[in-house]
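One-letter residues, chain by chain:
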Amino acid sequence: MPTPDELRAQLPLSALARKTTARARRDIAQILGGEDDRLVVIAGPCSVHDPEAALDYAARLAVLAEETRDRLLMVMRVYVEKPRTRIGWKGLLSDPQLDGTHDLPGGLRLARGLMARIADSGLPVACEFLDPLVPSYLADAVSWGAIGARTVQSQVHRQLTSGLGMPIGFKNTTDGGVADAVDAIVSASGAHVFPGLDGSGRAVVTTTRGNPNGHVVLRGGGDGPNYGREPVAEALARLAEARLPQQLIVDASHGNSNKDHERQPLVITDLARRIAAGERGVAGVMIESFLAPGRQDLPLGRTDRLTYGQSVTDACVDWPTTVDMVRDLADAVTTRREDVFAAG
Ligand SMILES: O=C[C@H](O)[C@H](O)COP(=O)(O)O
Ligand SMILES: C=C(OP(=O)(O)O)C(=O)O
């Protein structure tokens, strides 16, 4: 493995990529704090398996981000690590050649290079942090991070995020429980001391000061969706009880769509209607979206059989549907602003 310093020297972030990342981290924190009335929209494929298709998607998303930037802050999902329920392909970082050879150094280089290019195009990057060593290599390119439904209870991940510089969304657990995500926010907001890696690859004692921008991501679960008015109000009440800011993000995919990509637009339509009517607790949404609709199985070692721009993990909405969903959200923010203005 290269050391974090070596990888960063080989693939440095451009001045524009650094600026994009710093600005998006600040803007997301302000949206979550209620000082900016835009919505955060985190959109992109469930996983990146083909860097060319990811860059093709990023180029389109950058245009949509520019069109809606006065109402939305668009961030691209560049998910290179995948947590699996049992077994399966664990993402570009783990197996970049999609053939079971697990070229980890190559995967790290590909992942960092891709994130650096996307941030350099002015589009902020989002990812899930899974392996605790990986942020040393990638975190400077990331504007928003997730701790997933399968790791939100893990102390290792809570400690890790206590030292990261970007806002972190903690998903509710796969069974739908929100309490663990609230606990994770509190844990990650505190100072921790734990084993880590320095830039030269040495094991060191890591001391963190706490992450002030943790928040809940409602992704639905075993007991059904939780994007509706009532579950959102319940989650906000839990945050209030824990004396945390009452803002959260709703994931339109996963348990909120029962992994059926055709249900994601229904979730967004409902949220957009509520936001237009004045809803303030929902600070952002997540959409699993790619170029082609649905998903395909990944035949290891047979990339020639893959459909271009289609997910190899969870099903995604296609590009035209994404555009409609994003414009609906932007219109909802416009309506909410007009109503605030009319109310004086
Ligand atoms: O978001 C992606 C998946 O839902 C998650 O990685 C679990 O995938 P699996 O249940 O197909 O393993
Ligand atoms: C794995 C993901 O989500 P969750 O942790 O909610 O299953 C994801 O967003 O890719």
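Residues numbered from 1 in each chain as written. Chains lettered and ligands numbered in written order. Predicted model: local features only at pLDDT ≥ 70, side-chain atom pairs only at ≥ 80, totals over all residues.

The next thing to look at is the overall build of the chain. Along the backbone of the chain there are 10 helices and 10 strands. On C-alpha atoms alone, the chain measures out to a radius of gyration of 19 Å, which is about the 20 Å that the 2.2 N^0.38 rule sets for 344 residues. Burial analysis of the chain (344 residues in total) assigns 47% to the buried set. Of the contacts formed within the chain by residues at least 6 apart in sequence, a portion of 69% connects residues at least 24 apart. (Helix = DSSP H or I, 4+ residues; strand = E, 2+ residues; numbered from the N terminus. Rg over C-alpha atoms; globule rule 2.2 N^0.38 Å. Buried ≥ 20, exposed ≤ 12 C-beta atoms within 10 Å, placed from the backbone. Contact = placed C-beta atoms within 7 Å.)

Right, let's talk about the site of ligand 1 for a bit. Around ligand 1 lies a shell formed by Cys46, Lys82, Pro83, Arg84, Thr85, Gly88, His254, Thr313 and Asp314. Tallied by class, residues from the shell around ligand 1 come to two nonpolar, four polar and three charged. (Near = placed C-beta within 6 Å. Nonpolar A, V, L, I, M, F, W, Y, C, P; charged D, E, K, R; others polar.)

Once that is clear, we can look at the sheet that holds strand S2 (residues 72–77). Picture the strands of a sheet paired through backbone hydrogen bonds; they go either parallel or antiparallel. On the basis of which strands lie adjacent, the closed barrel formed by eight strands has the order S1-S2-S3-S4-S5-S8-S9-S10 and parallel pairing. The average undirected angle you get between the axes of adjacent strands in this sheet is 30°. In terms of strand pairing, strand S4 (residues 144–147) meets strand S5 (residues 168–171) through three bridges, oriented parallel. When the sheet's bridge partners are listed, Ile147 is paired in S5 with Phe170. Packing against the sheet, helix H7 (residues 179–188) makes contact with S4, S5 and strand S8 (214–218), and its axis sits at approximately 165° to S8. (Pairing = 2+ DSSP bridges. Axes fitted to C-alpha atoms, helices over the stretch in contact; angles between N-to-C directions.)

Moving on to the pairing of strand S3 (residues 125–128). Residues of S3 alternate between two faces, with Val125 and Cys127 on one and Ala126 and Glu128 on the opposite face, all of them buried. Pairing of S2 with S3 involves two bridges; the strand directions are parallel. Following the sheet pairing, Arg77 is matched in S3 by Ala126. The pairing of S3 with S4 spans three bridges and is classified as parallel. Considered in S4, the bridge of Ala126 is made with Trp144.

Let us look at the nonpolar core. Grouped together as the largest cluster of nonpolar side chains are 94 residues, with contacts concentrated most on Val41, Val78, Met115, Val216, Val285 and Leu329. Ranked by residue count, the leading element in this core is helix H4 (residues 104–120), at seven residues. Those residues in contact with Val78 that sit more than four places away from it in its chain are Gly44, Val48, Ala54, Leu114, Met115, Ile118, Val125, Ala126 and Cys127. (Core = buried A, V, L, I, M, F, W, Y, C linked by C-beta atoms within 7 Å.)

Let us look at the packing of helix H2 (residues 15–32) against H4. Packing of H2 against H4 leaves a shortest axis separation of 7 Å and a crossing angle of 80°. With respect to their mutual orientation, H2 and H4 come out roughly perpendicular. Counted together, Leu16, Ala17, Thr20 and Thr21 of H2 and Ala116, Ala119 and Asp120 of H4 form the full contact between these two elements. Across the contact of H2 with H4, the residue classes tally to four nonpolar, two polar and one charged. (Parallel < 35°, antiparallel > 145°, perpendicular 65-115°, else oblique.)

Of all the six residues making up strand S7 (residues 203–208), zero are buried; the element is thus mostly uncovered. As paired elements, strand S6 (residues 192–197) and S7 share six bridges and run antiparallel to each other. Within S7, the residue paired with Phe194 across the bridge is Thr206. Once S6 ends, the chain turns through five residues before running back antiparallel as S7, passing Gly201 with a positive phi of about 90°.

Further remarks concern unusual backbone geometry. Of note, the phi angle at Leu98 is positive, near 55°, even though the residue is not glycine. Relative to the helices and strands, Leu98 is located in the loop between S2 and H4. Here Leu98 falls in the partly exposed class, since 18 other C-beta atoms lie within 10 Å of it. Of note, Arg243 is a non-glycine position whose phi angle comes to about 55°, a positive value. Within the secondary structure, Arg243 is located in the loop between helix H8 (229–241) and strand S9 (248–251). Taking the number of C-beta atoms within 10 Å as the measure of exposure, Arg243 has 7 and is therefore exposed.

Between its first and last C-alpha, H4 extends 24 Å over 17 residues, near the 24 Å set by a 1.5 Å rise per residue. Every buried residue belonging to H4 is among Gly107, Leu108, Ala111, Arg112, Leu114, Met115, Ala116, Arg117, Ile118 and Ala119, and all of these are buried. Contacts made by the buried residues of H4 are with helix H1 (4–10), H2, helix H3 (51–68), S2, S3 and helix H5 (135–138). (Expected span 1.5 Å × (residues − 1).)

Another point: the environment of Val340. If you trace the backbone, Val340 turns up in helix H10 (residues 319–342). Each C-alpha atom of the pair Val340 and Val186 lies 33 Å from the other, and the pair is 154 residues apart in sequence.

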